[in-house]
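Next come the chains, spelled out residue by residue.
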Amino acid sequence: MNVYPVHGEGPCPAVIVCPGGRYLRRAAHEGEPIAKWLNGLGITAFVLNYRVSPHQHPIPLQDAKRAIRTVRHYA
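Residues numbered from 1 in each chain as written. Predicted model: local features only at pLDDT ≥ 70, side-chain atom pairs only at ≥ 80, totals over all residues. Heavy atoms only, no water.

**Overview of the pairing of strand S3 (residues 44-47)**
Residues Thr44 and Phe46 of S3 are buried on one face, and the alternating residues Ala45 and Val47, pointing to the opposite face, are buried as well. In this structure, strand S1 (residues 2-4) lies alongside S3, joined through three bridges in antiparallel fashion. Opposite Asn2, over in S3, you have Val47 as the bridge partner. Examined bridge by bridge, strand S2 (residues 14-17) and S3 share four bridges and lie parallel to one another. Across the sheet, residue Ile16 finds its bridge partner in S3, namely Phe46. Crossover S2 to S3 through helix H1 (residues 32-40) is right-handed. (Buried < 20%, exposed > 50% of the residue type's maximum accessible area, 1.4 Å probe, protein only. Helix = DSSP H or I, 4+ residues; strand = E, 2+ residues; numbered from the N terminus. Pairing = 2+ DSSP bridges. Right-handed = clockwise from strand over helix to strand, strands pointing away.)

This is how it looks when you write it as structure tokens:
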């Protein structure tokens, strides 16, 4: 998971970005550019590098759930 923090004081919202790709691959154009766009809106972004092919459902879902737990734990 790559973190794109918003610089400033106080708490801010956070979003986990899961780049698409039909579980075959992760679309690079849906990761960092989206995270930087969210930063411009004052939102911290976490880009998840979840497991894709040859892994199948529910492995990517488990990766997303773990990312949510991790972000919440360190909030």
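Having seen it, we continue.
**Describing the packing of aromatic side chains**
Considering all chains together, one arrives at zero aromatic pairs under this definition. When the ring centre of Tyr50 is taken as origin, the NZ or CZ atom of Arg26, which lies over that ring, is 6.0 Å away. (Phe/Tyr/Trp six-rings, centres within 6.5 Å; stacked < 30°, edge-to-face > 60°. Lys NZ or Arg CZ within 6 Å of the ring centre and 35° of its normal.)

**Thoughts on the layout of surface pockets**
When its volume is computed, the largest pocket comes out at roughly 210 Å³. Forming the walls of the largest pocket are Cys12, Ala14, Thr44, Phe46, Thr70, Val71, Tyr74 and Ala75. For the lining of the largest pocket, the secondary-structure elements that each account for two or more residues are S3 and helix H2 (59-73). Taken together, the residues of the lining of the largest pocket break down into six nonpolar, two polar and no charged. (1 Å grid on protein atoms, 1.4 Å probe; cavity = no way out; pocket = protein on both sides within 12 Å on 5 of 7 lines; lining within 4 Å. Points joined across faces, edges and corners; volume = space filled by probe spheres on them. Nonpolar A, V, L, I, M, F, W, Y, C, P; charged D, E, K, R; others polar.)

**Considerations on a nonpolar patch on the surface**
A cluster of nonpolar side chains, contributed by Ile34, Trp37 and Leu41, occupies part of the molecular surface with about 320 Å² of accessible area. Relative to the elements of secondary structure, Trp37 occurs in helix H1. (Patch = residues over 30% accessible without salt bridge, like charges linked within 9 Å, V, L, I, M, F, W, Y side chains within 5 Å. Areas by Shrake-Rupley, 256 points an atom, 1.4 Å probe, with all protein chains shown as cover. Salt bridge = Lys/Arg side-chain N within 4 Å of Asp/Glu carboxyl O.)

**Side note on the sheet that holds S1**
With mixed pairing, the three strands of this open sheet are ordered in space as S1-S3-S2. The open sheet has two edge strands with one neighbour each: S1 and S2. Ignoring which end each strand starts from, the neighbouring axes of this sheet average 20 degrees apart. Relative to S3, H1 is tilted by about 170 degrees, and along the sheet it contacts S1, S2 and S3. (Axes fitted to C-alpha atoms, helices over the stretch in contact; angles between N-to-C directions. Contact = heavy atoms within 4.5 Å.)

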